[in-house]
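Commentary on secondary and tertiary structure
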Amino acid sequence: MDYKAIESLLEMYHLGETSLEEEAYLIDQFEHSEVQEKYPQEAAIFRYFAIKRAEALEADVFEKMALNDVIVPADLKVPDRFSFRTISRIAAVVFLLMLSGLFVYHLAVQKPIQAEVYNDSIEEPEKAYEEAKQAMLMISTLMNAGLEETQKIASFHEAEEKIKQPKL
Amino acid sequence: MRKSILMLVIMVIFSANIFAQNDPMTNFFKKYAGNELFTKVTISSKMFSMFTHFEPNDPNEKEMMKALSKLKSIRILSADSIPNGKKYFSEAMSSIKGTKFEELMSVVDGTTDMQFMVQETGGKISELLMLVGGSNKFYMLSLHGDIDLKQISKLSENMKISGLEHLNKVGGNGKKKE
């Protein structure tokens, strides 16, 4: 048993200068009863470390064993990053953004143009009234002329039907 | 998820309603409003409300005022000396195709084409469009509001009109096309 080395490592351990490998070496050495008897103060600490190390190893082994026992079905579908749900969500967001863009465009560009179309071209009400009156009379006259023509054709068709009818 | 779908549907309906306002005749009017060959006249509902201050004594003028008070807007696009008026008439007619406009009356003769179109909303005529296209003239008149065709028809019977010489042609030689 290399007590000199153990002693020197213990001194370093107390000063906090030991590496993980050196501490592992000390834990291994304290498994022996001679070492435990020679350094009884440190023995309790290193035996505690030995127990914890064993528990950690057991947990590691258990995890590996448990994973080995898990049976993965051959037809198991792993969730795809680009599933239908994800794509439909992205599409909905894009659609909303496009709609918002169109809405803003309509308000900023189309509306002013339309407003211009509906703005009064005449500022004086008297002149505007005269224009409106002329427009109404023009529509009225042309409409009546068209109706007159319709009546003429209707009368012609009526007469035509009468001629075609056989005399009883 | 349901909420977002509902929101989406509401937005689509809302936006469709807004974008639908840009009707083909507005586009047509917009296209030629800046053209020097055409005379543009627009009268809005605001101006119509100012007409109520007039108090005519003549019964015919009163009748005219009554008809105008129901309107919301008038748009006129006219040209008396353009190279091919029928071309503009055809263009206007093709832009109306597929819209809610229904044909009211159509008169075609050798020199002049005339078309009356109406748009109904809730059983009432909300828009009346008149298009006239001749060899060197084009008229587009659009009335918006509550339109009573019988009342409009009476207007010209009551008043004497001058300066509408081309009407004689339409009345005399025209052929009615349904």
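Report on the accompanying structure. (Residues numbered from 1 in each chain as written. Chains lettered and ligands numbered in written order. Predicted model: local features only at pLDDT ≥ 70, side-chain atom pairs only at ≥ 80, totals over all residues. Heavy atoms only, no water.)

1. A closer look at the overall build of chain B
This is how the line gets drawn: Strands are runs of DSSP state E lasting at least 2 residues, helices are runs of H or I lasting at least 4, and numbering of each runs from the N terminus. Here's how the labels work: a residue is buried when its accessible area is under 20% of the maximum for its type, exposed when over 50%, partly exposed in between, all with a 1.4 Å probe on protein chains only. To be clear on the numbers: accessible area is Shrake-Rupley with a 1.4 Å probe, and residue cover counts the displayed protein chains and nothing else.
Across its full length, chain B holds seven helices and seven strands. From first element to last, N terminus to C terminus, chain B shows the α and β order α-α-β-α-α-β-α-β-β-β-β-α-α-β. Counting only residues that meet the buried cut, chain B has 45% of its 178 residues in that class. As presented, chain B carries roughly 9800 Å² of accessible surface, and 54% of it is formed by carbon and sulfur atoms.

2. Quick look at the overall build of chain A
Using the following cut-off: Contact criterion: two residues are considered in contact whenever any of their non-hydrogen atoms come within 4.5 Å of each other.
Looking only at helices and strands, one finds six helices and zero strands in chain A. If you list the helices and strands of chain A from N to C, you get α-α-α-α-α-α. For chain A, buried positions account for 23% of its 168 residues. Long-range pairs, those at least 24 residues apart, make up 41% of the contacts in chain A between residues at least 6 apart in sequence.

3. Thoughts on the nonpolar core
Grouped burial of nonpolar side chains is what soluble globular proteins tend to show. Note the threshold: Residue types Ala, Val, Leu, Ile, Met, Phe, Trp, Tyr and Cys, when buried and joined through side-chain atoms within 4.5 Å, form a set referred to as a nonpolar core.
Membership of the largest hydrophobic core comes to 39 residues, with the highest contact counts inside it found for Phe51(B), Leu68(B), Ile74(B) and Leu128(B). If one sorts the elements of this core by residue count, helix α6 (residues 125–164) of chain A sits on top with 10 residues.

4. Quick word on the pattern of salt bridges
What counts is decided by this rule: Salt bridge, as applied in this entry: a Lys or Arg side-chain nitrogen positioned within 4 Å of an Asp or Glu carboxyl oxygen.
Inspection of every chain in the model, using the stated rule, returns seven salt bridges over all chains. Taking the shortest distance from any N to any O, the salt bridge between Lys52(A) and Glu55(A) comes out at 3.4 Å. One end of the pair, Lys52(A), and the other, Glu55(A), are both in helix α4 (residues 40–69), three residues apart, so they sit about a helical turn from each other. Judged by its relative accessible area of 39%, Lys52(A) falls in the partly exposed class. For Glu55(A), a relative accessible area of 41% corresponds to the partly exposed category. Here Arg75(B) ties to Glu127(B) by a salt bridge, and the two come within 3.8 Å at their closest N and O atoms. With Arg75(B) in strand β2 (residues 71–79) and Glu127(B) in strand β5 (residues 124–133), this pair connects stretches of sequence that are 52 residues apart. Take Arg75(B): its relative accessible area is 1%, and that puts it in the buried class.

5. Here we look at the packing of aromatic side chains
As a reminder of what qualifies: Here the aromatic set is Phe, Tyr and Trp, taking the six-membered ring for Trp, and pairing holds for ring centres within 6.5 Å; pairs whose planes are under 30 degrees apart are stacked, those over 60 apart are edge-to-face, and all others are tilted.
Following the criterion strictly, the structure yields 14 aromatic pairs over all chains and no others. Centre to centre, the rings of Tyr48(A) and Phe49(A) are 6.2 Å apart; their planes meet at 50°, and the pair counts as tilted. By relative accessible area, which is 48% here, Tyr48(A) ends up partly exposed. By relative accessible area, which is 30% here, Phe49(A) ends up partly exposed. Centroid distance Tyr32(B) to Phe38(B): 5.2 Å. Interplanar angle 40°. Geometry classified as tilted.

6. With respect to the side chain of Lys133(A)
Just so we agree on the cut-off: Polar contact is defined as a pair of N or O atoms within 3.5 Å, subject to the rule that within protein one atom must be able to donate a hydrogen and the other to accept it, and that residues adjacent in sequence are counted only when both atoms are side-chain atoms.
Of note, Lys133(A) is situated in helix α6. A relative accessible area of 10% means that Lys133(A) is categorised as buried. A distance of 2.5 Å separates polar atoms of two side chains, one belonging to Lys133(A) and the other to Glu61(B).

7. Here we look at the packing of helix α1 (residues 3–15) of chain A against helix α2 (residues 20–29) of chain A
Residue and element names in this part refer to chain A. For the record, the criterion: Here an axis means a line fitted to C-alpha atoms, over the contact stretch when the element is a helix, while the angle between two N-to-C directions is reported on a 0 to 180 degree scale. Angle categories are assigned with fixed cut-offs, so that under 35 degrees is roughly parallel, over 145 is roughly antiparallel, 65 to 115 is roughly perpendicular, and the rest are oblique. In this scheme the crossing of two helices becomes right-handed for a clockwise turn of the near helix relative to the far one and left-handed for an anticlockwise turn of less than a right angle.
Relative to each other, α1 and α2 sit at 125°, their axes nearing to 10 Å. Relative to α2, the element α1 lies oblique. Crossing of α1 against α2: the hand is left-handed. Of α2, the residues touching α1 (which contributes Ile6, Leu9, Leu10, Met12 and Tyr13) are Glu22, Glu23, Tyr25, Leu26 and Gln29.

8. With respect to the packing of α1(A) against α4(A)
All names here are of chain A. For the record, the criterion: Three categories are distinguished: nonpolar for Ala, Val, Leu, Ile, Met, Phe, Trp, Tyr, Cys and Pro, charged for Asp, Glu, Lys and Arg, and polar for the others, with Gly belonging to the last.
At a minimum axis separation of 13 Å, α1 and α4 run at an interaxial angle of 80°. By the angle between their directions, the pair α1 and α4 is classed as roughly perpendicular. Residues Leu10, Tyr13 and His14 of α1 form the contact with α4, whose participating residues are Glu42, Ile45, Phe46 and Phe49. Within the contact of α1 with α4, the residues separate by chemical class into five nonpolar, one polar and one charged.

9. Some points on helix α6 (residues 149–158) of chain B
The complete set of buried residues in α6(B) reads Leu149(B), Gln151(B), Ile152(B), Ser153(B), Leu155(B) and Ser156(B). Measuring from the side-chain oxygen of the N-cap residue of α6(B) to the backbone nitrogen of Lys150(B) gives 3.2 Å; that N-cap residue is Asp148(B).

10. Things to note about the side chain of Asp113(B)
All names here are of chain B. Along the chain, Asp113 falls in strand β4 (residues 113–121). Taking relative accessible area as the criterion, Asp113 reaches 13% and is therefore assigned buried. In this structure Asp113 touches Lys86, Phe89, Val107, Val108, Leu131, Val132 and Gly133, once residues within four positions along its chain are discounted.

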